[in-house]
Amino acid sequence: MGHALCICSRSSITIDNKRYYFIQKLDEGGFSYVDLVEGAQDGRFYALKRILCHDREGRKEAQTEVEMHRMFNHPNILSLTGHAVMERGGKSEAWLLLPYISKGSLWSVLEKLRDKGSSMPESRILHIFRGICEGLKAIHDKGYAHRDLKPTNVLLEENDKPVLMDLGSMNKARIEVKGSREAMTVQDWAAQRCTISYRAPELFNVESHCIIDEKTDIWSLGCVLYCMMMLEGPYDLVFQKGDSVALAVQNRSPFHSHAASLKDSRRS
Ligand SMILES: Nc1ncnc2c1ncn2[C@@H]1O[C@H](COP(=O)(O)OP(=O)(O)OP(=O)(O)O)[C@@H](O)[C@H]1O
């Protein structure tokens, strides 16, 4: 575990005895802030993800995210350069130092194409999709599932190599549900940690006696492929219109619901 962290000046931090300069804010996730920092020694850029831990459970979750990164050494899974825990005024933050991927997320690339009225060529879709599959396979081969695969959680390197990120929702692939209380716990967890428009149907209404496994990722993978082809996810419109994604996912095929929503939005 990382240690020896201090704030040396307003604009620099030290992790594992190495100093990093703050450059700019990059993004804000649902559970974290991400800043761009530069290594004082190596001159490289890194993304510093600061996860706010409100309680012991939050600290445990952040620690799990660190362990998930450490479990993999795969070209399609984001590696972890360093890690530290910062305690301030009774609150704690877990800091994850990650290699900075300058091209940003797959979603930002798709958004730009959509804004230009362009599309992604099939060969490019297949190249990116293959890399995502390889990263996912590495996770599944170790008996884990990502659980929050979506275009904003795939970073693209300059050569379009996809890198899976945000391992904060990852857990053991096989979850045996025994009884209604356990089913509700899994369902509530999924509602918090698995993005609604990419969430597999079995996580919306978890049955009292069932096995949840890595197939949840395969559902999300299909939604990501759809998004690369259509420049929006199959349930994005349903979500934007405020309709029930849970119903759309469980009762209708995505293509059907997407086509219906498109028709509706054209009518209005
Ligand atoms: N290594 C990186 N290189 C470049 N950008 C990054 C990197 N890590 C994170 N980001 C940016 O920060 C955003 C938020 O990061 P991340 O998804 O890990 O946070 P989160 O709090 O778990 O977010 P979410 O609510 O989407 O689950 C990403 O969508 C991406 O734009």
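Residues numbered from 1 in each chain as written. Predicted model: local features only at pLDDT ≥ 70, side-chain atom pairs only at ≥ 80, totals over all residues. Heavy atoms only, no water.

**Some points on the side chain of arginine 199**
Here is step 1: The topology assignment puts arginine 199 in the loop between helix H4 (180-193) and strand S13 (209-212).
Here is step 2: For the buried arginine 199, which has no salt bridge, the nearest side chain bearing the opposite charge is aspartate 148, at an N-O separation of 7.6 Å.
Here is step 3: From its side chain, arginine 199 meets the backbone oxygen of cysteine 194 in a polar contact 2.9 Å long.
Here is step 4: Here arginine 199 is in contact with Ala190, Ala191, Cys194, Phe204, Trp219 and Val249, once residues within four sequence places are set aside. (Helix = DSSP H or I, 4+ residues; strand = E, 2+ residues; numbered from the N terminus. Buried < 20%, exposed > 50% of the residue type's maximum accessible area, 1.4 Å probe, protein only. Lys, Arg positive; Asp, Glu negative; His and termini not counted. Salt bridge = Lys/Arg side-chain N within 4 Å of Asp/Glu carboxyl O. Polar contact = N/O pair within 3.5 Å; in protein donor to acceptor, adjacent residues only side chain to side chain. Contact = heavy atoms within 4.5 Å.)

**Quick look at the pattern of salt bridges**
Here is step 1: Applying the stated criterion across every chain yields a total of 15 salt bridges.
Here is step 2: As a salt-bridge pair, arginine 193 and glutamate 61 come within 3.1 Å of each other at their nearest N and O atoms. On the criterion of sequence distance, the pair formed by arginine 193 in helix H4 and glutamate 61 in helix H1 (residues 56-71) is long-range, its members being 132 residues apart.
Here is step 3: The buried category is assigned to arginine 193, whose relative accessible area is 10%.
Here is step 4: Glutamate 61 gets classed as partly exposed once you look at its relative accessible area, which sits at 32%.
Here is step 5: Note that lysine 103 and aspartate 160 form a salt bridge whose closest N and O atoms lie 2.9 Å from each other. Placement of the pair is lysine 103 in the loop between strand S7 (91-99) and helix H2 (106-115) and aspartate 160 in the loop between strand S9 (154-156) and strand S10 (162-164), with a sequence separation of 57 residues.
Here is step 6: On the basis of relative accessible area, lysine 103 is assigned to the partly exposed category, the value being 22%.

**A word on the domain arrangement of the protein**
Size of an interface: often given as the accessible area lost when the parts come together.
Here is step 1: For the protein, the assigned domains are domain 1 (11-99) and domain 2 (106-263).
Here is step 2: With 14 residues of domain 1 at the interface, the matching set in domain 2 holds 19 residues.
Here is step 3: Both sides together, the interface formed by domain 1 and domain 2 hides about 1500 Å², and carbon and sulfur atoms give 66% of it.
Here is step 4: Its largest share of buried area at the contact with domain 2, domain 1 owes to Met68, Phe72 and Asn76, together 36% of the area lost on that side.
Here is step 5: Where domain 1 meets domain 2, there are two salt bridges.
Here is step 6: Inspection of the region where domain 1 meets domain 2 yields six residue pairs in polar contact (both at pLDDT 80 or more).
Here is step 7: A per-element tally of the side of domain 1 that touches domain 2 places H1 first, with six residues. (Domains from an automatic or database assignment. Buried area = accessible area lost by both parts, 1.4 Å probe.)

**So, the site of the ligand**
Here is step 1: The full set close to the ligand counts 19 residues, and Gly30, Ser32, Lys49, Pro99 and Asp166 are the nearest of them.
Here is step 2: Here an oxygen atom of the ligand sits 2.6 Å away from a polar atom, N or O, in the side chain of serine 32.
Here is step 3: Taken together, the elements giving at least two residues each to the shell around the ligand come down to strand S4 (32-39), strand S5 (45-53) and S7.
Here is step 4: Counted by class, the shell around the ligand contains 10 nonpolar, five polar and four charged residues.
Here is step 5: A domain-level breakdown of the shell around the ligand finds at least three residues from each of domain 1 (11-99) and domain 2 (106-263). (Near = heavy atom within 4 Å. Nonpolar A, V, L, I, M, F, W, Y, C, P; charged D, E, K, R; others polar.)

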